[in-house]
Amino acid sequence: MKGARGRRWRHLVGIALVLAWTLPPFLYLVMLSIKPERILIDRSQVFFWPTFERYRDLIGSGLGLPIWNSLVTSTLGSVGTLVLAGLAALTFSFLEFKWKTLLFLVILLPRMFPPVTTLIPIQLMLKTMGLIDTRLALIILFTGFQIPLAIWVLRTFLDDIPRELTESAALDGASLPVIIAKVILPLSGAGLLAAFILSFIFNWNEFLFPLIVTSFNARTGSVAIMSFTAGYKKLQWGTLATLGVVMTIPVILFVLAFRATLVRGFTAGALKG
Amino acid sequence: MGMRWAMLGRGRLYFWLLTLPAVLYVVTWRLAPALYTVWLSLTQYNIVYDNLPRWNQFANFGRIMHDRGLGGSLFLSVEFALIATAAELVIGLAAALFFDTDPPGRNLLLGIFLLPMIMVPVVVGTVWSTLFDRTVGPIPYAFQLLHGPTIQWLATPATAMFALLIADAWEWAPLVTLLLFAALQVIPREQFEAARVDGASGWQLFRRITLPQIAGMVLVAAGLRMMDAFLELDKVFVMTGGGPGTSTQFVSMFVYKQAFQFYELGYASAVIIVVLILLAVAYGIYLRSSGRAFRLASP
């Protein structure tokens, strides 16, 4: 079918396919989370009165803490990353100096070896420092993990700031901190937001390091999910589904709210990663 | 783009203040631990039995040579990476081509399509665990309704691998789509118009115009996915735990068990080093052959 009507049809089919591929698996999880316990394994029952008791119970149960830990460590980790990476990205974007490429490589090098590489030493290091099973340890780790990516993303955004502004400010005698505060910072909102969201999502999704480095007090939501894969907990599909849905909510919110910024940041980060 | 130091006054001090925190951080928490892993690989260090790491030169590496379990894991990881990447390239490209036709609501649709890739990987594993589960899963139920065979999806070696592959394709095809879509958007529309005027068919348009211009990005996507799928851990952990037996024990799972179930930190470190070397070699070959493929593909 050619022409406008054919194209409209193809679009509809394509949209339907995309939605059919992406949504049903996740929606099934949502359905499990609100399905009454009695009929949980009765798969023929697709229509039912939903129950939200699992969501109410989640906060009080032992699963409220992991979610809170995820929230705290992801946010503070991202803040730490933004501070450190932001300062460094300023030099990479605005200044010319002799060892620039070398320094850049040093920062990017860690991205080239997979996370497992540093797993064992980091666990030993944290043990020596007495930081096992603390949120602080996770915050420290998360800050470091996202520095290379954040520098890259921030630098891309900083490159877009017109140099005339900074140069005229410098010519007027402003010192560097003033230039940063008065000229650069106000214009880097989008970059900071993109870097924050990206690093937050990656921190939120972290599994292996929290698994190794925490046990009861500081374990994150992702680790809590894993505890459902064995023993009696394996049968608690409803609770597991609820936890899974809750762990996905922030991600959905961020994507819906900041689609354009994210796509830009992701392509920049993924391309060079 | 660069500003002169003189303009900033006390330039050197500011420079160090700006970059030192990040550099120190990366060195302490990323680079130094990596070097420590190298050192550990040359020691015998079972955290339960050994008080301190004991230097044993290359004994760990000798042991690696004879480790059938590791060989099996490497094979499984490569197999998984190849099939998963191939599937993701095909599906991702199809979706990218569709998004390139500018359907209504494209940005929102793209955002939804990206959801699996941004979700927590252990939740992706959870989602597919529920879908394949004997008691709550719709897939076994569908088989049951259609009087098909009763398959223990995650408890049978072949189907467990299949389940992992489907989950991985669902999760990561969107990344391929994102990359290829970016590449497709850059192709000038006039090329298609001109070719269509000359009577070119859809297939010819694809092969002669589209394909050469996205070839680079296809290679980038393939390289990214191969490496990440090779090191896949989160979904395997949740869905199969490496089982049944060791039929889905990928490399990362093998290392995890060596280090945190058998407590052989020295040996695990050696395995990590070997895997890294293999990856570096593979990456080198990939760079070399993609450069060559590029030169061949260009008209």
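Analysis parameters
- Residues numbered from 1 in each chain as written.
- Chains lettered and ligands numbered in written order.
- Predicted model: local features only at pLDDT ≥ 70, side-chain atom pairs only at ≥ 80, totals over all residues.
- Helix = DSSP H or I, 4+ residues; strand = E, 2+ residues; numbered from the N terminus.
- Rg over C-alpha atoms; globule rule 2.2 N^0.38 Å.
- Buried ≥ 20, exposed ≤ 12 C-beta atoms within 10 Å, placed from the backbone.
- Contact = placed C-beta atoms within 7 Å.
- Domains from an automatic or database assignment.
- Nonpolar A, V, L, I, M, F, W, Y, C, P; charged D, E, K, R; others polar.
- Core = buried A, V, L, I, M, F, W, Y, C linked by C-beta atoms within 7 Å.

Q: Please clarify how the overall build of chain B should be interpreted in this entry.
A: Check the secondary structure of chain B and you find 14 helices and two strands. Relative to the compact-globule value of 19 Å for 299 residues, chain B shows a C-alpha radius of gyration of 24 Å, a clear excess of over 25%. Principal-axis analysis of the C-alpha atoms places the extent of chain B at approximately 80 × 75 × 35 Å. Buried positions account for 38% of the 299 residues belonging to chain B.

Q: Any chance you could explain the overall build of chain A here in plain terms?
A: Helix and strand counts for chain A stand at 14 helices and zero strands. Of the regular secondary structure in chain A, the N- to C-terminal order runs α-α-α-α-α-α-α-α-α-α-α-α-α-α. Projected onto the principal axes, the alpha-carbon positions of chain A cover approximately 75 × 70 × 30 Å. Within chain A, buried positions represent 44% of all 273 residues. The contacts of chain A with a sequence gap of at least 6 include a subset with a gap of at least 24, amounting to 78%.

Q: In this structure, what is going on with the domain arrangement of chain A? I would like to understand it.
A: Often, the extent of an interface is quoted as the loss of accessible area on bringing the components together. All names here are of chain A. Domain parsing of chain A yields domain 1 (1–50) and domain 2 (52–272). Just the C-alpha atoms count here: the centres of domain 1 and domain 2 sit 32 Å apart. Each partner contributes residues to the interface: domain 1 has nine residues there, and domain 2 has eight residues.

Q: So what exactly am I meant to see when it comes to the interface of chain B and chain A here?
A: If you look at the interface, chain B gives 70 residues, while chain A gives 71 residues. The biggest single contributor to the side of chain B that touches chain A is helix 2 (residues 11–40) of chain B, with 17 residues. Of the residues belonging to the side of chain B that touches chain A, the class tally is 56 nonpolar, 12 polar and two charged.

Q: When you look at the environment of Gln-213 of chain B in this model, what are you seeing that I'm missing?
A: Residues and elements named next belong to chain B. With respect to the helices, strands and loops of the structure, Gln-213 is situated in helix 11 (residues 202–230). Residue Gln-213 is classed as partly exposed on the basis of its 16 C-beta neighbours within 10 Å. Distance from Gln-213 to Tyr-263, taken between C-alpha atoms, is 49 Å for residues 50 residues apart in sequence.

Q: Honestly, the nonpolar core in this entry has me stumped. Any pointers?
A: Ranked by size, the top nonpolar core spans 144 residues in total, and within it Ala-85, Ile-151 and Ile-225 of chain A carry the most contacts. Among the elements that take part in this core, helix 9 (residues 157–186) of chain B stands out by supplying 14 residues, more than any other. Residue assignment places this core across two domains, with domain 1 (1–50) and domain 2 (52–272) of chain A each supplying three or more. Those residues in contact with Ala-85 of chain A that sit more than four places away from it in its chain are Ile-147, Ala-150, Ile-151, Leu-154 and Ala-195 of chain A together with Ala-22 of chain B.

Q: So what exactly am I meant to see when it comes to the environment of Leu-115 of chain B here?
A: With respect to the element layout, Leu-115 of chain B can be found in helix 6 (residues 115–118). The spatial distance from the C-alpha of Leu-115 of chain B to the C-alpha of Trp-170 of chain B is 9.9 Å, given a sequence separation of 55 residues. Excluding residues that lie within four positions of it along the chain, Leu-115 of chain B makes contacts with Thr-22, Phe-26, Ile-252 and Val-255 of chain A.

Q: Would you explain unusual backbone geometry in this entry?
A: Generally, phi is negative for residues other than glycine and the peptide bonds are trans, each holding for most cases. Residues and elements named next belong to chain B. Even without glycine at this site, His-147 takes up a positive phi of about 55°. Among the secondary structure elements, His-147 is positioned in the loop between helix 8 (138–145) and helix 9. The backbone of Tyr-263 sits at a positive phi, close to 60°, despite the residue not being glycine. With respect to the helices, strands and loops of the structure, Tyr-263 is situated in the loop between helix 13 (251–260) and helix 14 (265–297). A tally of 15 C-beta atoms within 10 Å means that Tyr-263 is categorised as partly exposed.

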